Amino acid sequence: MKITIFSSNQPRHINLARQFSNVADQVYFISEVNTVFPGQIDDFYRKSEVMQLYFQNVISSERKIFGDINFLPKNVMQLSIKSGDLNSLKKNQLEDALNSEYFIVFGASYIKGWLIDFLVDKKAINIHMGLSPYYRGSSCNFWALYDNNPHYVGATIHLLSKGLDNGDILFHCMPNFIEGDTTFDYSMRSVLAAQNGLVHAVTSKEIFSTTPIKQDKNEEIRYSKNYEFTDSIAQDFLNRNISLEGSKFSYPNLINPYFG
């Protein structure tokens, strides 16, 4: 089995390639490079004291659940490119990676041009960190927690589409709350749930055995944009010091939910 993944270089993204390396003969991992020190260096997120404090929590949870950045197994072929350069690649530069049986997009930049046409035709799968159609856009699980909706923290496995996060849904993935978890831990566990759920669905060949469900945009709660995640919003979230201990989650309508 050959699998091609379009993703990022954060430990949680690299872990997806590592997981599939255990079940696939060959994994092609096209990794868009961002800083691994968000908040400390101007990149996708701005550099500031508040962002540095916020992302210290994110990085701590990421390392707790996924470990630190490390080398990938021998059956993973990695192509590292600058974030935003994905749409500049030509077919011949990705030739080997275009012959896989499965194509997965997770945390890549917005895909356009010939590549999105190719991937949609191949029924590529997208991991959206957030529960669609309720939360779409950027940093969805953050906004679910910010809105006091921890029961909307999760991930959506859906068919890739030309629109942002609006492909037909295959299933939802929900994290398990572990006693002592912070909100950052809980949100990061939703990434692990998505990866576990997708690896299971691919290896069991259940991935396309269910009918994809179209998203109902009338159920949308928030469509978030990256610019909305400001220092003041991040500081407000940190000041709340939200605890999920003892919480009883009343989940929304979920499609073929996977808990794990």
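Residues numbered from 1 in each chain as written. Predicted model: local features only at pLDDT ≥ 70, side-chain atom pairs only at ≥ 80, totals over all residues. Heavy atoms only, no water.

1. Notes on the overall build of the protein
1) Next: The secondary structure content of the protein amounts to six helices and ten strands.
2) Next: The C-alpha radius of gyration of the protein comes to 18 Å, within 12% of the 18 Å expected for a compact globule of 260 residues.
3) Next: Each principal axis of the C-alpha distribution contributes one length, and for the protein these read about 50 × 40 × 30 Å.
4) Next: Residue burial in the protein is summarised as follows: out of 260 residues, 52% are buried.
5) Next: Pairs at least 24 residues apart make up 74% of the contacts formed inside the protein by residues separated by at least 6 positions.
6) Next: When the accessible surface of the protein is split by element, carbon and sulfur atoms take 48% of a total near 12300 Å².
7) Next: With 24 positive and 27 negative side-chain charges, the protein shows a spacing of 4 Å between the two charge centroids. (Helix = DSSP H or I, 4+ residues; strand = E, 2+ residues; numbered from the N terminus. Rg over C-alpha atoms; globule rule 2.2 N^0.38 Å. Buried < 20%, exposed > 50% of the residue type's maximum accessible area, 1.4 Å probe, protein only. Contact = heavy atoms within 4.5 Å. Areas by Shrake-Rupley, 256 points an atom, 1.4 Å probe, with all protein chains shown as cover. Lys, Arg positive; Asp, Glu negative; His and termini not counted. Charge placed at Lys NZ, Arg CZ, Asp CG, Glu CD.)

2. Considering the environment of Ser100
1) Next: Note that Ser100 resides in the loop between β3 (76-82) and β4 (102-105).
2) Next: Spatially, the C-alpha atoms of Ser100 and Asn166 are 24 Å apart, while their sequence positions differ by 66 residues.
3) Next: Every residue in contact with Ser100, bar those within four places of it in the chain, is listed here: Lys2, Ile3, Thr4 and Tyr28.
4) Next: Engagement of the side chain of Ser100 in a polar contact is seen with the side chain of Thr4, the distance being 2.7 Å. (Polar contact = N/O pair within 3.5 Å; in protein donor to acceptor, adjacent residues only side chain to side chain.)

3. Things to note about the layout of surface pockets
1) Next: Approximately 210 Å³ is the volume attributed to the second largest pocket.
2) Next: Tallying contributions element by element places helix α2 (residues 49-66) first for the lining of the second largest pocket, with four residues.
3) Next: Across the lining of the second largest pocket, the residue classes tally to five nonpolar, eight polar and one charged. (1 Å grid on protein atoms, 1.4 Å probe; cavity = no way out; pocket = protein on both sides within 12 Å on 5 of 7 lines; lining within 4 Å. Points joined across faces, edges and corners; volume = space filled by probe spheres on them. Nonpolar A, V, L, I, M, F, W, Y, C, P; charged D, E, K, R; others polar.)

4. Details of the side chain of Thr183
1) Next: Inspection of the secondary structure puts Thr183 in helix α5 (residues 183-203).
2) Next: When sequence neighbours within four positions are dropped, the list of residues in contact with Thr183 reads Leu145, Phe237, Ile242 and Leu244.

5. Here's the deal with the pairing of β4
1) Next: Taking every second residue as pointing to the same face, both faces of β4 are buried, with Tyr102 and Ile104 on one and Phe103 and Val105 on the other.
2) Next: Looking at chain direction, strand β1 (residues 2-8) and β4 are connected through four bridges and run parallel. What sits directly across from Thr4, in β4, is Phe103.
3) Next: Two elements, β4 and strand β5 (residues 125-128), share two bridges in a ladder whose sense is parallel. Each residue of the ladder has a partner; that of Ile104, found in β5, is Ile125.
4) Next: Regarding topology, helix α3 (residues 113-121) serves as the crossover connection from β4 to the parallel β5, and that connection is right-handed. (Pairing = 2+ DSSP bridges. Right-handed = clockwise from strand over helix to strand, strands pointing away.)

6. Points about the state of the cysteines
Joining two cysteines, a disulfide is a covalent bond between their sulfur atoms.
1) Next: Under the counting rule described, the total for this entry stands at zero disulfides.
2) Next: Cysteine Cys140 remains unbridged, with the sulfur of Cys173 as its closest cysteine sulfur at 15 Å.
3) Next: What makes Cys140 buried here is its relative accessible area of 2%.
4) Next: Judged by relative accessible area, Cys173 falls into the buried class, the value being 0%. (Disulfide = S-S within 2.5 Å.)

7. Section: the sheet that holds β4
Strand pairing in a sheet relies on backbone hydrogen bonds, with the paired strands running either antiparallel or parallel.
1) Next: Read across the open sheet, the eight strands follow the order β3-β2-β1-β4-β5-β7-β8-β10; overall the sheet is mixed. Looking along the sheet, the strands with just one partner apiece sit at the ends: β3 and β10 (258-259).
2) Next: With seven bridges connecting them, strand β2 (residues 26-33) and β3 associate as parallel partners. In the strand pairing of β3, Val27 is matched with Val76.
3) Next: Sheet strands touched by helix α1 (residues 11-21): β1, β2, β3, β4 and β5. Its angle to β1, the strand with the most contacts, is close to 170 degrees. (Axes fitted to C-alpha atoms, helices over the stretch in contact; angles between N-to-C directions.)

8. Here we look at α1
1) Next: When you tally the buried positions in α1, you get nine out of eleven residues, the bulk of the element.
2) Next: Taken as a whole, α1 has its buried residues at Pro11, His13, Ile14, Asn15, Leu16, Ala17, Gln19, Phe20 and Ser21.

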